[in-house]
Amino acid sequence: MANLKLTDVAKSYGTVNVLKNIDLDIETGELIVFVGPSGCGKSTLLRMIAGLEQITGGELQIDGMVVNDVPPSQRGIAMVFQSYALYPHMTVRENMQFALKIAKMDAAQIEERVERAAKTLQLHNLLDRLPKELSGGQRQRVAIGRSIVRDPKVYLFDEPLSNLDAALRVATRIEIAQLKEQMPNSTMIYVTHDQVEAMTLATRIVVLAGGGIAQVGTPLDLYERPENEFVAQFIGSPAMNLLPGTIVETGDRTVVDMEGGGRAVSTVPSREADRGMAVNIGVRPEDFVEADGAHIFRGKVGITEALGEVTLLYFEPQGGADPVIGKLQGIHKGLRGQDVALTADPAKVHVFMGTQSLLYRDRPVKEIATKAH
Amino acid sequence: MDAALLGLSTIIIGVGGCLGYFYFSNLFLDRVLFPPKGENAGRNINRANQIRPWLFVFPAMFALGLYLGYPVFETLRLSLIDRSQDNAFVGFANYNQMFAEAKFWEAMRNNMLWLIVVPAVSTAFGLLVAQLTDRIGWGNIAKSIIFMPMAISFVGASVIFKLIYDARPEGTAQIGVMNAVWMSFEGGIGSFIFLKVFPIILILSFAAMVAYIGYIVLRMAGGVWVMVLKLVAALFSVWMVVLSVQSVWGVATANLPYGEPQQWLTIPFFNNFFLMVVLIWIQTGFAMVILSAALRGIPEETVEAAVVDGANPFQIFFKIKVPQIMPTIVVVWTTITLTVLKIFDIVFAMTNGQWQTQVLANYMYDKLFRANDWGVGSASAMIIMLLVSPILIWNIHNARKEMR
Ligand SMILES: Nc1ncnc2c1ncn2[C@@H]1O[C@H](COP(=O)(O)OP(=O)(O)OP(=O)(O)O)[C@@H](O)[C@H]1O
Ligand SMILES: [Mg+2]
C-alpha cells in the first residue's frame, strides 16, 4: 500500500562507489524484481530501502515521505533474508510474534494476526516447532509469515529461494505469486539471480549493472526491446548473439552488411546519417531459422546439444569471443560439421550502435558493464 | 646444580622420554610384536592398528589414575580412620567432629558466597565487555588488557591486591589505592553521596532485581517438581530482599570512621568481597574471550531481522543475542564455578582464613598440613569433591552438547 520513489540515490563505501544515479519510481501494488550480475549492488540497494544501509546520496521516499534517516522499523517495510534469519531460539509462533510484541500490540490481536498468517501459509501444525526442526521450504514460509504479520507497506525479498533445491524453488515461486495475488495492494521488491523467477514474478524488472540501472521495464519489454547490449545479453538464455556489420540501407527498415559475409534486415528504423556506421546485429538463438536464400550468418556447426524440446548449435565465434549459438525447435541429428546458413524475421533483429539499441537512440547512454555473462 | 640447568635437563629428559616412549613402543609393535610381513601380514596390520591407540592413551591414563583416581579412594579411606588410634576405622567420627566446628561452617558459608558472587559477576562483566568492545576500533586493545590478568598466577594477583588494600599509619602517605581514596573522604556532602546514597541505590536495585526474578519464576507453569523449585526460589528471593533491606538500614545508620586508614582485609564479611575481587579480576578475561567468540558466531542476519522488527539495542542484546549464546554462557559460568569451589591460593596468600574469610580448600590445608589432623582434613576434601562433582559432570555434559 505504498509507492516508492528513489531520486539520484547513491551508495559509496569510503571512496568505493557501489551505486550511483539510481532513479526509480515504484507504484503501489507492483512487484519489482532487481536482477544483475553478482556484486552489482542489488542487495545493497534493497538494504538501503530497508534502512539497514546508510544512503550516502540522493533521496528515498516511501509514500511521499523522505525516509533517508528513518529507522528500519518505522519505514513500514518487512524483509525476508536469503538465509531466512529466523531466531533460532524461538518457536515458529514466537518468531512471528516477536515484532508485534516489540510494538506492544495487545495479545488478542497478536494471536489473531499469527493465526491469519499461519492459515495463509499453511503453517498451522508447525507453530510450536523450533526453526531447526523445519525443512528449508518451511523455514522460508515462516520467514515470509514473519513479515506478513507485521502488515507492512513494502515487502523486501533478498534472493529468498536461492537456498532451496530446484523443485522446491518452483513450488515456492508459485506460492509467492499466489501470495502476491492475495495481497494486490502490497508493494514488493524482490532480488534474484534467477531469470525465470524474474520473468515470471515481476510486474517490472530493474536490471542493475556497473553501479547503475541498465534498463527498467516489463519482462517482455526487456526481452523484446532491450535498450542496450548488456540487457540484450543478460535477459534470455542462451544469451543473444551479437554480430558485427555495417549499415548499408537506412529508413523504416535497416539493412546491414555482415562482416562475416551475410546480410541482415531489421524493422528497426535508422536515419540517413547512419549509413556506413559500424553496428552490432543482435539475434536471439531461438529466433534463428535456416535460410533458403539470403542469410545473416553462415558457419560450420561445432558442438550440438540436444535438450529434447530444442537443439542448441554452437558455431565458431564471429567478431567476438563467444560462439554464435542457434536454437532449433525439436530434435535435429547429424548436424555436426555441416555448413548451415541462418536468418531471422526482420522484426526480431536488433541493431546496436555503440552498445545502445537504435530503438532507444534518444536516451542517454548508460555506463554499464560491457558483458553480461 | 644450578636451577636453570636443572630445569633444562628436566625438560630434555621429559620431552625426550615422551618421544622415546612413543617411538620405541611403536617400533616394538611394528617390528617385533606384529610385523606386517610373513603369512599373517594382513591380520598383523589390523591387530597393530587396534593396539596403537592404547599406546598413546596409556601414559595419560596411568598418570591420571595414579595421581587423580587413586587419591580419591585413599582420601575416602583416610577420612574414615584415625591415624592416632593405629588406623582404626572410626566411621563418620571425623565428619561429625568437622560438622561441629564453627570454622567449617564459616568456610561453607564463605564458599557459598563466593559461589554466588564470583561466577555471576565475572560472566556478567565478561559478557558486557565482549559486547561493548565488539564494534569499536580499539576494542581489541581493550580486550587484550582485560585478558592480561589471566596470565598472572593467583598468588601474584593476591600480592598486587594486598598492596591495593595496604594501610599505612595515619599521617604518612598511603601506598594502597583503597586507603588513598578513603582518606580523601572527610564526611562532607561528597562522602554522603558516595558512601551512603550510592550504596543504598545499589542495594535497592539488587533487591528489586531479585524480587523481579522471583516474580518471574513464580509465574512459570510446570509440574510438581517445578512447584517445589518455584517455592525454593521464591523463598530465596524473599530472603535476599530481607537481607538487602537490613543492609540498607545498616548503611544508613553506620557511623563511618572518616580520616582513619582502614585494614580492609580485617573487616568481617566485607573482606570476603575484597578477596573475591581478585578472582573476578582474573576470570572476567576468560569469560570475555569465550563469550566474545560466541557473540561473533551469531548470524548477522538475525540481528538485522530484529532491527527491521523494531527491536532496540537492549532488546537485541537480551532477546536475540543472549539467548543464542546461552549454552556458552552456561559453560563459562560452570567453569568459573568449578574454579571458585576449589579456591585456595587467594585466601591463603591474603588472609590465610583469618578474620572470617576461611574457605573449604584452605580449611582442608589447615587441618591436613598444619594441624596434622588427617581424618578431618580428608573429610573436608571429600566434601569439596562432593560439591564439585555434580557441577563438573553437568559442565562436561554441556560442553559436549556444545561441540556437537
Ligand atoms: N562493507 C563494504 N565495504 C566495501 N564494499 C562493499 C561492502 N559491502 C558490499 N560492498 C561491495 O558492494 C558491491 C555490491 O554488493 P552487493 O552485496 O549489493 O551485491 P549483489 O548484487 O547483492 O551481489 P550478489 O548477487 O552476489 O548477492 C560489491 O561489489 C561489494 O564488493
Ligand atoms: Mg546479494
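Residues take numbers from 1 onward in each chain, read along the sequence in its written order. Working convention: letters from A go to chains and numbers from 1 go to ligands, in the order in which they are written. Where local features are concerned, this predicted model is filtered to residues with pLDDT of at least 70; where side-chain atom pairs are given and counted, the filter is 80 or more; whole-chain, interface and lining totals use all residues. Side-chain measures here rest on the full set of heavy atoms in the structure, leaving out hydrogens and waters.

1. Here we look at the sheet that holds strand 8 (residues 187-191) of chain A
The pairing of strands in a sheet comes from backbone hydrogen bonds and takes either a parallel or an antiparallel form.
All names here are of chain A.
Next up, step 1: Here the rule is simple: two strands pair whenever DSSP picks up at least two bridges between them. Helix and strand definitions here come from DSSP, where helices need a minimum of 4 consecutive H or I residues and strands a minimum of 2 consecutive E residues; each element is numbered from the N-terminal end. If you trace the six strands from one edge of the open sheet to the other, you get 6-7-8-3-9-10, paired in mixed fashion. Each of the sheet's edge strands pairs with one partner strand only, and the pair in question is strand 6 (77-80) and strand 10 (212-217). Adjacent strand axes in the sheet meet at a mean angle of 20 degrees, parallel and antiparallel pairs treated alike.
Next up, step 2: Pairing analysis gives four bridges linking strand 3 (residues 31-35) to strand 8, with the strands arranged parallel. Paired with leucine 31 across the two strands is methionine 188, which belongs to strand 8.
Next up, step 3: Any two residues whose heavy atoms approach within 4.5 Å at even a single point are treated as in contact. For every element, the axis is a line fit to its C-alpha atoms; helices are fit only across the contacting stretch, and the angle between N-to-C directions ranges from 0 to 180 degrees. This element, helix 1 (residues 42-50), spans strand 3, strand 6, strand 7 (154-158), strand 8 and strand 9 (204-209) of the sheet and lies at about 150 degrees to strand 7.

2. Examining the site of ligand 1
Residue and element names in this part refer to chain A.
Next up, step 1: Only a single heavy atom is needed: when it lies within 4 Å of a molecule or strand, its residue is near that molecule or strand. Around ligand 1, the neighbouring residues are Tyr13, Val18, Ser38, Gly39, Cys40, Gly41, Lys42, Ser43, Thr44, Glu159 and His193.
Next up, step 2: One nitrogen or oxygen atom from the side chain of tyrosine 13 is found 3.4 Å from a nitrogen atom belonging to ligand 1.
Next up, step 3: At 2.8 Å, a backbone N or O of glycine 39 approaches an oxygen atom of ligand 1.
Next up, step 4: Here ligand 1, which alone exposes 640 Å², has 57% of that area covered by the protein.
Next up, step 5: In terms of residues, the shell around ligand 1 owes the most to one element, helix 1, which gives three residues.
Next up, step 6: Amino acids outside the nonpolar list (Ala, Val, Leu, Ile, Met, Phe, Trp, Tyr, Cys, Pro) and the charged list (Asp, Glu, Lys, Arg) are all regarded as polar, and Gly is one of them. Across the shell around ligand 1, the residue classes tally to three nonpolar, six polar and two charged. For the purposes of these results, a polar contact is taken to be a pair of N or O atoms within 3.5 Å, where, inside protein, one atom must be able to donate a hydrogen and its partner to accept one; residues adjacent in sequence count only when each atom of the pair is a side-chain atom. Per-residue accessibility takes into account occlusion by the displayed protein chains alone, with areas from the Shrake-Rupley method and a 1.4 Å probe.

3. A word on helix 10 (residues 270-296) of chain B
Residues and elements named next belong to chain B.
Next up, step 1: The end-to-end C-alpha distance of helix 10 is 37 Å, a good match for the 39 Å that 27 residues give at a rise of 1.5 Å each.
Next up, step 2: To get the bend at any residue, fit one axis to the seven residues that end at it and another to the seven that begin at it, then take the angle between the two axes. Of all the bends found along helix 10, the most pronounced is centred on glutamine 283 and spans about 30 degrees.
Next up, step 3: Three exposure classes are used, based on accessible area relative to the maximum for each residue type with a 1.4 Å probe and protein chains only: buried under 20%, partly exposed in between, and exposed over 50%. Burial of helix 10 is extensive: 19 of the 27 residues sit out of reach of the surface. Helix span, as expected, comes to 1.5 Å for every residue beyond the first.

4. Quick look at the sheet that holds strand 17 (residues 310-315) of chain A
Next up, step 1: Reading across the sheet, the five strands line up as 15-19-16-17-18 (chain A) and stay open at both edges, with antiparallel pairing between neighbours. Each edge of the sheet is formed by a strand with only one pairing partner; in this case those strands are strand 15 (289-290) and strand 18 (324-329) of chain A.

5. As for unusual backbone geometry
Next up, step 1: Along the chain, Ser237(A) connects to Pro238(A) via a cis peptide bond; the corresponding omega equals -5 degrees.
Next up, step 2: Positive phi is not limited to glycine here, since Phe269(B) has a value of about 65 degrees.
Next up, step 3: By secondary structure assignment, the location of Phe269(B) is in the loop between helix 9 (224-253) and helix 10.
Next up, step 4: Residue classification places Phe269(B) among the partly exposed residues on the basis of a relative accessible area of 36%.
Next up, step 5: A positive phi angle, close to 55 degrees, is found at Asn372(B), a residue other than glycine.
Next up, step 6: Secondary-structure assignment places Asn372(B) in the loop between helix 15 (360-370) and helix 16 (374-403).
Next up, step 7: Judged by its relative accessible area of 53%, Asn372(B) falls in the exposed class.

6. As for the layout of surface pockets
Residue and element names in this part refer to chain B.
Next up, step 1: Here the term cavity refers to a set of points on a 1 Å grid, laid over the protein atoms alone, in which a 1.4 Å probe fits but cannot get out; the term pocket refers to an open set having protein on both sides within 12 Å along at least five of seven lines, with lining residues being those that place an atom within 4 Å of a point. Grid points are joined across faces, edges and corners, and a volume is the space filled by probe spheres set on the points. Considering only enclosed or pocket space, the second largest pocket measures out at about 650 Å³ in volume.
Next up, step 2: A breakdown of the residues in the lining of the second largest pocket according to their chemical character gives 17 nonpolar, four polar and two charged.
Next up, step 3: Note that the domain bounds reflect an automated or database-derived domain assignment. Residue-level mapping places the lining of the second largest pocket at the junction of two domains, with at least three residues from each of domain 1 (3-79) and domain 2 (99-185 + 259-403).

7. Focus on the domain arrangement of chain B
Next up, step 1: Taken domain by domain, chain B consists of domain 1 (3-79), domain 2 (99-185 + 259-403) and domain 3 (187-255).
Next up, step 2: Each of domain 1 of chain B and domain 3 of chain B has a C-alpha centre, and these two points are 56 Å apart.

8. Topic: the domain arrangement of chain A
Residues and elements named next belong to chain A.
Next up, step 1: One can read the domain layout of chain A as domain 1 (4-230) and domain 2 (237-360).
Next up, step 2: A straight line from the C-alpha centre of domain 1 to that of domain 2 covers 38 Å.
Next up, step 3: If you look at the interface, domain 1 gives ten residues, while domain 2 gives 13 residues.
Next up, step 4: Computed with a 1.4 Å rolling probe, the buried area is the accessible surface lost when two parts are put together, summed over both parts. The contact between domain 1 and domain 2 buries some 1000 Å² in all, and 48% of this surface belongs to carbon and sulfur atoms.

9. Quick look at empty space enclosed by the protein
Next up, step 1: Following the criterion strictly, the structure yields one cavity of 30 Å³ or more and no others.
Next up, step 2: Estimated volume of the largest cavity: approximately 80 Å³.
Next up, step 3: Considering the residues around the largest cavity, the lining is formed by Ala78(A), Met79(A), Val80(A), Phe81(A), Tyr84(A), Ala143(A), Arg146(A), Ser147(A), Arg150(A), Ala305(B), Val308(B) and Asp309(B).
Next up, step 4: Broken down by secondary-structure element, the contributors of at least two residues to the lining of the largest cavity are strand 6 and helix 4 (136-148) of chain A together with helix 11 (300-308) of chain B.
Next up, step 5: Of the residues in the lining of the largest cavity, the class split is eight nonpolar, one polar and three charged.

10. A closer look at the interface of chain A and chain B
Many descriptions give the size of an interface as the accessible area lost when the pieces come together.
Next up, step 1: Tallying the contact residues gives 22 residues for chain A and 15 residues for chain B.
Next up, step 2: For the pair chain A and chain B, the summed buried surface comes to about 1500 Å²; carbon and sulfur atoms form 65% of the total.
Next up, step 3: Area buried by chain A at its contact with chain B is led by Tyr87(A), His89(A) and Ile102(A), which between them contribute 32% of it.
Next up, step 4: Here chain A and chain B share seven residue pairs in polar contact (both at pLDDT 80 or more) between them.
Next up, step 5: Looking at the side of chain A that touches chain B, the elements that each hand over two or more residues are strand 6 and helix 2 (92-102) of chain A.

11. Section: the packing of aromatic side chains
Aromatic rings in a pair are described by how distant their centres are and how their planes are angled relative to each other.
Next up, step 1: For this analysis, a ring pair means two rings from Phe, Tyr or Trp (six-membered ring only for Trp) whose centres lie within 6.5 Å, classed as stacked if their planes differ by under 30 degrees, edge-to-face if by over 60, and tilted for the remaining angles. Inspection of every chain in the model, using the stated rule, returns 25 aromatic pairs over all chains.
Next up, step 2: Aromatic side chains Phe344(B) and Tyr365(B) sit 5.3 Å apart centroid to centroid with 55 degrees between the ring planes, which places their arrangement in the tilted category. Linking Phe344(B) in the loop between helix 13 (326-341) and helix 14 (345-350) with Tyr365(B) in helix 15, this pair joins segments that are 21 residues apart in sequence.
Next up, step 3: Summarising the aromatic geometry, the rings of Phe348(B) and Tyr365(B) are spaced 5.2 Å apart at their centres and angled 80 degrees between planes, so their arrangement reads as edge-to-face. Of this pair, Phe348(B) sits in helix 14 while Tyr365(B) sits in helix 15, and the two are 17 residues apart along the sequence.
Next up, step 4: An aromatic cluster is built from Phe99(B), Phe104(B), Trp105(B) and Tyr363(B), whose rings are joined through pairwise contacts.
Next up, step 5: Here the guanidinium or amino end of Arg146(A) rests over the ring plane of Tyr87(A), the centre of that ring lying 4.6 Å away.
Next up, step 6: Over the ring of Tyr223(A) we find Arg284(A), and its NZ or CZ is 4.2 Å from the ring centre. Should the NZ of a Lys or the CZ of an Arg lie within 6 Å of a ring centre and within 35 degrees of the ring normal, that charge is described as sitting over the ring.

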